[in-house]
Amino acid sequence: MKKHRLGLIGCGWIAHFYARILPRLSDRVEVVWCADPDTLRSGEIAHRTNARSIPDYRQGLGEVDAVCVLVPHHLHRPITIDCLAAGCHVLLEKPIARTVEEADAIIAASERSGRTLMVAYPHRYRKSMRVFKDAVVGGNYGELFMLDALMDESFADYTLGWIAQRETLGGGVFFSASPHMLDVMLWIAGEPQAVSMVGTRAAAQMEGEDTAVSILKFKSGVVGTTRHTWASPRTRIWYTMNAMCQQAHITLTTQPLDDIVATGADCRWLTRITALSQTGDAELLHESDEGLDLEPEIIHFLDCLDSGQTPETDGATARKIVELVQNAYREADERGTNV
Ligand SMILES: NC(=O)c1ccc[n+]([C@@H]2O[C@H](COP(=O)([O-])OP(=O)(O)OC[C@H]3O[C@@H](n4cnc5c(N)ncnc54)[C@H](O)[C@@H]3O)[C@@H](O)[C@H]2O)c1
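None of these values were measured; they are calculated from a predicted model.

Criteria and cut-off values
Just so you know, the residues in each chain are numbered from 1, in the order the chain's sequence is written. This being a predicted model, a pLDDT of at least 70 is required before a residue's local features are given, and a value of 80 or more before pairs of side-chain atoms are given or counted; all residues contribute to the totals for chains, interfaces and linings. To obtain the side-chain values, all non-hydrogen atoms of the structure were included, while hydrogens and water were left out. Helix and strand assignments follow DSSP, with helices taken as H or I runs no shorter than four residues and strands as E runs no shorter than two, numbered in order from the N terminus. Contacts: residue pairs with any heavy atoms within 4.5 Å of one another. Method for areas: the Shrake-Rupley scheme with a 1.4 Å probe, in which residue coverage is limited to the protein chains shown. Residues scored as positive are Lys and Arg, those scored as negative are Asp and Glu, and His as well as the terminal groups of each chain are ignored. Note that the charge is assigned to NZ on lysines, CZ on arginines, CG on aspartates and CD on glutamates. Classification of ring pairs rests on two measures: the distance between centres of Phe, Tyr or Trp rings, Trp counted by its six-membered ring, which must be within 6.5 Å, and the angle between planes, read as stacked under 30 degrees, edge-to-face over 60 and tilted in between. When accessible area is computed with a 1.4 Å probe and restricted to protein chains, residues below 20% of their type maximum are described as buried, those above 50% as exposed, and intermediate ones as partly exposed. Think of a 1 Å grid over the protein atoms and nothing else: a 1.4 Å probe that fits but is trapped marks a cavity, an open set flanked by protein within 12 Å on at least five of seven lines marks a pocket, and residues with an atom within 4 Å of a point count as lining. Grid points are joined across faces, edges and corners, and a volume is the space filled by probe spheres set on the points. Throughout, the ten residues Ala, Val, Leu, Ile, Met, Phe, Trp, Tyr, Cys and Pro are labelled nonpolar, Asp, Glu, Lys and Arg are labelled charged, and all others, Gly among them, are labelled polar. In this analysis an axis means a line fitted to C-alpha atoms, helices contributing only their contacting stretch, and an angle means the value between N-to-C directions, from 0 to 180 degrees. Angles below 35 degrees are treated as roughly parallel, those above 145 as roughly antiparallel, those between 65 and 115 as roughly perpendicular, and all remaining angles as oblique. Pairs of N or O atoms within 3.5 Å make up the polar contacts considered here, provided that, within protein, one atom can donate a hydrogen while the other can accept it, and that residues adjacent in sequence are counted only when both atoms are side-chain atoms. The cutoff for a nearby residue is simple: one of its non-hydrogen atoms must lie within 4 Å of the molecule or strand. Source of the domain bounds: an automatic or database domain assignment. Once two parts are put together, the accessible area they lose, assessed with a 1.4 Å probe and summed over both, is termed the buried area. Criterion for a salt bridge: a side-chain nitrogen of Lys or Arg within 4 Å of a carboxyl oxygen of Asp or Glu.

## Some thoughts on the overall build of the protein
Here is step 1: On a plain count of helices and strands, the protein comes out with 11 helices and 14 strands.
Here is step 2: Based on the C-alpha atoms only, the size of the protein along its principal axes is roughly 60 × 45 × 40 Å.
Here is step 3: The long-range fraction of contacts in the protein, counting pairs at least 24 apart against all pairs at least 6 apart in sequence, stands at 69%.
Here is step 4: Accessible surface computed for the protein: about 14200 Å², of which carbon and sulfur atoms make up 49%.
Here is step 5: Averaging the locations of the 33 positively and 45 negatively charged side chains of the protein gives two centres separated by 2 Å.

## Focus on the packing of aromatic side chains
Here is step 1: For the structure on display, the rule yields 8 aromatic pairs.
Here is step 2: Taking the centre distance of 4.8 Å and the plane angle of 50° together, the rings of Trp 238 and Trp 269 count as tilted. Of this pair, Trp 238 sits in the loop between strand 10 (223-229) and strand 11 (239-245) while Trp 269 sits in strand 13 (residues 269-276), and the two are 31 residues apart along the sequence. Each member of the pair, Trp 238 as well as Trp 269, is classed as buried.

## Brief notes about empty space enclosed by the protein
Vacant regions in the atomic arrangement are exposed by a probe of water-molecule size rolled over the atoms.
Here is step 1: All chains considered together, the criterion is met by 1 cavity of 30 Å³ or more.
Here is step 2: In this structure, the largest cavity occupies an estimated 40 Å³ of space.
Here is step 3: Grouping the constituent residues of the lining of the largest cavity by class yields 5 nonpolar, 2 polar and 2 charged.

## Here we look at the packing of helix 3 (residues 76-85) against helix 4 (residues 100-113)
Here is step 1: Look at helix 3 against helix 4: their axes get within 9 Å of each other, and the N-to-C directions meet at 5°. In terms of orientation, helix 3 lies roughly parallel with respect to helix 4. In contact with His 76, Arg 77, Thr 80, Ile 81 and Leu 84 of helix 3, helix 4 contributes Glu 102, Ala 105, Ile 106, Ala 109, Ser 110 and Ser 113.
Here is step 2: Class assignment of the residues belonging to the contact of helix 3 with helix 4 gives a composition of 5 nonpolar, 4 polar and 2 charged.

## Topic: the side chain of His 4
Here is step 1: By the element assignment, His 4 lies in strand 1 (residues 4-9).
Here is step 2: Looking at His 4, the relative accessible area reads 4%, which means it is buried.
Here is step 3: A polar contact is formed between the side chain of His 4 and the side chain of Asp 65, at a distance of 2.7 Å.
Here is step 4: Looking at His 4, its side chain comes within polar contact range of the side chain of Asp 306, at 2.7 Å.
Here is step 5: Not counting residues within four places of it along the chain, the set of residues in contact with His 4 comprises Arg 28, Val 29, Glu 30, Asp 65, Leu 302, Leu 305 and Asp 306.

## Some points on the site of the ligand
Here is step 1: Near the ligand there are 24 residues, and of these Asp 36, Arg 41, His 73, Lys 94 and Tyr 158 occur at the shortest range.
Here is step 2: Interatomic distance of 3.0 Å between a side-chain N/O atom of His 76 and an oxygen atom of the ligand.
Here is step 3: In this structure, an oxygen atom belonging to the ligand sits 2.7 Å away from a side-chain N or O atom of Lys 94.

## Structural notes on the domain arrangement of the protein
Here is step 1: Segmentation of the protein into domains returns domain 1 (4-121) and domain 2 (123-294 + 325-335).
Here is step 2: The distance between the C-alpha centroids of domain 1 and domain 2 comes to 26 Å.
Here is step 3: A buried area of about 1900 Å², summed over both sides, lies between domain 1 and domain 2, and 65% of it is on carbon and sulfur atoms.
Here is step 4: Summed over the three residues of domain 1 that lose the most area to domain 2, namely Trp 13, Phe 17 and Tyr 121, the buried surface amounts to 38% of that side.
Here is step 5: Our enumeration of links across domain 1 and domain 2 arrives at 1 salt bridge.
Here is step 6: Note that Glu 167 is salt-bridged to Arg 98, the shortest N-O span being 3.4 Å.
Here is step 7: Our count for the domain 1 to domain 2 interface comes out at 7 residue pairs in polar contact (both at pLDDT 80 or more).
Here is step 8: Counted by class, the side of domain 1 that touches domain 2 contains 11 nonpolar, 4 polar and 3 charged residues.

## Thoughts on the environment of Leu 84
Here is step 1: In this fold, Leu 84 is placed in helix 3.
Here is step 2: Note on Leu 84: relative accessible area 1%, which makes it buried.
Here is step 3: For the pair Leu 84 and Leu 40, spaced 44 residues apart in sequence, the C-alpha separation works out to 27 Å.
Here is step 4: With sequence-adjacent residues up to four places away left out, Leu 84 is seen in contact with Val 90, Ile 106, Ala 109, Ser 110, Ser 113, Arg 115 and Thr 116.

Below, the structure written as structure tokens:
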């Protein structure tokens, strides 16, 4: 198997989660350089990945066959198109871009280049989420009819700089982070028929909403909700997904055991999945220390490069989420039900 030569573009918050995993995959991938105009940041991530630090990714494109693009959303389109045109495969952080038009330009560039484009939606790749999906759609608990997802995050301190501005973020929390839940819900329940959202600003540090609720109807008949806040008081509840099936209520909970803002990629976690039916006690289906673990997602990307298969979260899958979110925003703006 070919060992891939990788560049990391953007060395901020999420880059630390990559830096934690990539050295473990050294039989499959070598990180050649880490690029960030903030050279303190690129130096730190380069040190952790045993790579070189460079200020400008364009200096290094000839040395690598793949890149991870981990930059603010307004830079997704220009940087990804640059890298594809230089012949690199791209693992691009979510969401694909700020608008459907930008997403289309990125998808067209990946088609022109013949290189792989994968959008990083980590949750569906988590081992626990695979167990959850198998339980929910596997038939042992009857048919699924309702999904509910909650992300409860005390990220008020995170909503500064580019995240505070609609122009650079693309919207609010519903645009930037609720898609983590939407991606999993579409993966489980199939094609959506309708989505509506309402939003509010609780911490008041950003132009967009920091708190959003949405309701969904799927063509399969399943109904769903997402609830998301970046304005929570310090909480240990992070990600909870509930599935109502005809014979059981199945719950996945991923909780940080430390303060995730302070500990970042080193945070310790507890993930549990239980099934509660009419008879008997709650059945424990899964318990692990899995948290925001990017390893299965990065392995899927490498597998796709080696096999030529299309990633599960390809450009078209990610574009669909941008379209859903934009439509829901448009409707909320008309009604005056977002900030
Ligand atoms: N998967 C997840 O759970 C998750 C969590 C957080 C963020 N993200 C995504 O990761 C991406 C980055 O978010 P973040 O929170 O790490 O932001 P951040 O602000 O912490 O880091 C972004 C970095 O990009 C750098 N940068 C800016 N312009 C650049 C350029 N031209 N070349 C190289 N680097 C450049 C900045 O200096 C900064 O260090 C976004 O797409 C975001 O949505 C994903």
